[in-house]
Amino acid sequence: MKKKLFQNYNFEFDKNEGKILVSFAKQAVKQMETNDNLIKEVRIFNSIVSKLASSPLKVKFTKEEKTKLLFQLNENVKHLQNKVDKSWFITRWFYKNMLNQYQSLVFKLNN
């Protein structure tokens, strides 16, 4: 299989996906701000937040922003999958919706 030479980092999100990504990136910034070793990641996620705040429907990420966001989303999907597997019916019902939204975002960012 031939690898793409240039990759497109322009993404179009609907209103709901934009809100999810903004809240996810803001939460990631809040969690990473306390650790001095993660200054680079904090800058990247602040950049993502500012891009999504200016125009959440059409966004152009850099390669680094896309990879960091995709990695964090994948980790969140794994965590939610564990929660869904170990939870009872009502809790599973709540987590399943979130899991589906995050999985669709990961799919969109991968393609």
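Now for a look at the structure at hand. All residue numbers here refer to positions counted from 1 along the written sequence of the relevant chain. In keeping with the predicted nature of the model, local features appear solely for residues at pLDDT of at least 70, side-chain atom pairs appear and are counted solely at 80 or more, and the whole-chain, interface and lining totals rest on all residues. Based on all heavy atoms of the structure, the side-chain values leave hydrogens and waters out of the count.

Our focus in this paragraph is the packing of aromatic side chains. Centre distance within 6.5 Å is the pairing criterion for rings of Phe, Tyr and Trp, where only the six-membered ring of Trp is used; planes under 30 degrees apart are then read as stacked, over 60 as edge-to-face, and the remainder as tilted. A complete count under the given rule lists 4 aromatic pairs for this structure. Geometrically, the ring pair formed by F11 and F13 is stacked, given 6.1 Å between the ring centres and 20 degrees between the ring planes. Accessibility assignment for this pair places F11 and F13 in one class, buried. Connected via pairs of aromatic rings, a cluster forms that spans F11, F13 and F61. Only protein chains enter the calculation, and the probe is 1.4 Å; a residue is then buried if its accessible area is under 20% of its type maximum, exposed if over 50%, and partly exposed in between.

A word on the packing of helix α2 (residues 39–54) against helix α3 (residues 63–86). Axis lines are fitted to C-alpha atoms, over the contacting stretch for helices. Their N-to-C directions set the angle, which ranges from 0 to 180 degrees. Strands are runs of DSSP state E lasting at least 2 residues, helices are runs of H or I lasting at least 4, and numbering of each runs from the N terminus. Between α2 and α3, whose axes approach to 10 Å, the crossing angle comes to 100 degrees. Comparing the axis directions of α2 and α3 gives the class roughly perpendicular. Together, K40, E41, I44, F45, S47, I48 and K51 of α2 and E64, E65, K68, L69 and Q72 of α3 make up the contact between the two elements. In terms of residue class, the contact of α2 with α3 is built from 4 nonpolar, 2 polar and 6 charged. Relative orientations are named as follows: roughly parallel for angles under 35 degrees, roughly antiparallel for angles over 145 degrees, roughly perpendicular for angles from 65 to 115 degrees, and oblique for any other angle. Only heavy atoms enter the contact rule, under which two residues are in contact if any of them lie within 4.5 Å. The residue classification treats Ala, Val, Leu, Ile, Met, Phe, Trp, Tyr, Cys and Pro as nonpolar and Asp, Glu, Lys and Arg as charged. All others, Gly included, are polar.

Take the number of residues in a helix, subtract one, and multiply by 1.5 Å to get its expected span. The end-to-end C-alpha separation of helix α1 (residues 15–32) is 26 Å, in line with the 26 Å expected for 18 residues at 1.5 Å each. Those residues of α1 that sit buried are E17, G18, I20, L21, V22, F24, A25, A28, V29 and M32. Elements in contact with the buried residues of α1: β1 (10–12), α2, α3 and α4 (89–110).

Glancing now at the nonpolar core. Buried Ala, Val, Leu, Ile, Met, Phe, Trp, Tyr and Cys residues form a nonpolar core when they are joined through side-chain atoms within 4.5 Å. The biggest cluster of nonpolar side chains holds 29 residues, and the ones touching the most others in it are F13, L69 and L73. Contributing elements (two or more residues each) for this core: α1, α2, α3 and α4. Ranked by residues supplied to this core, first place goes to α1 with 8 residues. For L69, the contacting residues outside a window of four places in its chain are L21, F24, F45, I48, F61 and L109.

Right, let's get into the pattern of salt bridges. Should a side-chain nitrogen of Lys or Arg be within 4 Å of a carboxyl oxygen of Asp or Glu, the pair is scored as a salt bridge. Tallying each qualifying case throughout the model produces 5 salt bridges. A salt bridge links K40 to E64, with the shortest nitrogen-to-oxygen separation between them at 3.2 Å. Highlighted residues: K40 in helix α2 and E64 in helix α3, separated in sequence by 24 residues. Given a relative accessible area of 34%, E64 falls into the partly exposed group.

Within the secondary structure, K66 is located in helix α3. The side chain of K66 is buried and forms no salt bridge, while E65, the nearest opposite charge, is found at 11 Å. What qualifies as a polar contact is a pair of N or O atoms within 3.5 Å, subject to a donor-acceptor requirement within protein and to the restriction that residues adjacent in sequence count only when both atoms come from side chains. A distance of 3.3 Å separates a polar side-chain atom of K66 from the backbone oxygen of L109. Among all residues touching K66, those that are not within four sequence positions of it are Q7, Y9, F11, F61 and L109. Counted as positive: Lys and Arg. Counted as negative: Asp and Glu, with His and the chain ends omitted from the count.

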